[in-house]
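What follows is each chain in one-letter form.
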Amino acid sequence: MENVFLKECFLTDIIKYDALSVWEKLMIGKELKLEFNSTLYNSGKKCIFANLIDDSKGTQKIGVLTEEDAKMIDQIMSMGWKNVFSCRISQVDNEATNDQRIKVAIYIQRCPKSR
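Residues numbered from 1 in each chain as written. Predicted model: local features only at pLDDT ≥ 70, side-chain atom pairs only at ≥ 80, totals over all residues. Heavy atoms only, no water.

Attention now moves to the overall build of the protein chain. Within the protein chain, the secondary structure is distributed over one helix and six strands. Traced from its N-terminal end to its C-terminal end, the protein chain shows the element sequence β-β-β-β-α-β-β. Within the protein chain, the proportion of its 115 residues that are buried is 37%. Relative to all contacts within the protein chain whose residues are 6 or more apart in sequence, the contacts with residues 24 or more apart total 62%. Summed over its atoms, the accessible surface of the protein chain is roughly 7,200 Å², and 49% of this surface lies on carbon and sulfur atoms. (Helix = DSSP H or I, 4+ residues; strand = E, 2+ residues; numbered from the N terminus. Buried < 20%, exposed > 50% of the residue type's maximum accessible area, 1.4 Å probe, protein only. Contact = heavy atoms within 4.5 Å. Areas by Shrake-Rupley, 256 points an atom, 1.4 Å probe, with all protein chains shown as cover.)

Here you go:
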């Protein structure tokens, strides 16, 4: 399947989820897994986590999409379409503020055209 660019956005709460403990693994192009969480989060909002995939340790949450960035993705994932997205790190900046240190590019998988 071909991936089509959907949007680019920053991750928030990177300190809360201890992204700095795996900072050396966070490289541009590194694949992350998006995780829809239907439980209430911060004042009743749903959230989408970004998880670092580590073959030896499973996955580790490193942040969440902002509420604004997560709205459309949340609607699609809550309908059961959780596996249509892929996510890659597009920016890692040591000097930026915490809410702008990690930027991700989100793609949606395009189904092959039927012939």
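On we go.
The next subject is the nonpolar core. For soluble globular proteins, the rule of thumb is that nonpolar side chains tend to be buried together. Core analysis: the largest hydrophobic core is formed by 25 residues, its most contacted members being Leu 11, Leu 26, Leu 32, Ile 62, Leu 65, Val 104 and Ile 106. Counting residues per element, the ones that place at least two in this core are strand S1 (2-12), strand S2 (31-41), strand S3 (45-54), strand S4 (58-65), helix H1 (67-78), strand S5 (85-92) and strand S6 (102-110). Each residue touching Ile 106, except ones within four places of it in the same chain, is listed here: Val 4, Phe 5, Leu 6, Lys 7, Cys 9, Leu 34, Leu 65, Ile 73, Phe 85, Ser 86 and Cys 87. (Core = buried A, V, L, I, M, F, W, Y, C linked by side-chain atoms within 4.5 Å.)

Mapped onto the fold, Asn 51 is located in strand S3. Accessibility expressed as a relative area gives 2% for Asn 51, which makes it buried. Residue contacts for Asn 51: discarding those within four places in its chain leaves Leu 32, Lys 33, Glu 35, Thr 59, Gln 60 and Lys 61.

Now for the environment of Ile 102. For Ile 102, the position within the fold is in strand S6. On a C-alpha basis, the gap between Ile 102 and Gln 91 in space is 5.6 Å, while along the polypeptide they are eleven residues apart. Not counting residues up to four positions away in its chain, the partners in contact with Ile 102 are Cys 9, Phe 10, Leu 11, Ile 14, Ala 19, Trp 23, Leu 26 and Gln 91.

Before going further, it helps to examine unusual backbone geometry. In this structure, Asp 13 is a non-glycine residue whose phi angle is positive, near 60°. With respect to the helices, strands and loops of the structure, Asp 13 is situated in the loop between S1 and S2. With relative accessibility at 28%, the residue Asp 13 sits in the partly exposed group.

Note that Arg 101 resides in the loop between S5 and S6. Among the polar contacts listed, one links the side chain of Arg 101 to the backbone oxygen of Ala 96, at a separation of 3.4 Å. When sequence neighbours within four positions are dropped, the list of residues in contact with Arg 101 reads Ile 14, Leu 20, Trp 23, Gln 91, Val 92, Asp 93, Asn 94 and Ala 96. (Polar contact = N/O pair within 3.5 Å; in protein donor to acceptor, adjacent residues only side chain to side chain.)

Moving on, we come to the confidence of the model for the protein chain. Averaged over every residue, the pLDDT of the protein chain is 85; residues scoring 70 or more account for 88%. Here S2 stands out as the element of the protein chain with the lowest mean pLDDT, 74, in contrast to S5, whose mean of 95 is the highest. (pLDDT = per-residue confidence, 0-100.)

Mapped onto the elements, Gly 29 comes out in the loop between S1 and S2. The exposure class of Gly 29 is partly exposed, given its relative accessible area of 34%. With 59 residues separating them in the primary sequence, Gly 29 and Arg 88 have C-alpha atoms 5.3 Å apart. Among all residues touching Gly 29, those that are not within four sequence positions of it are Arg 88 and Ile 89.

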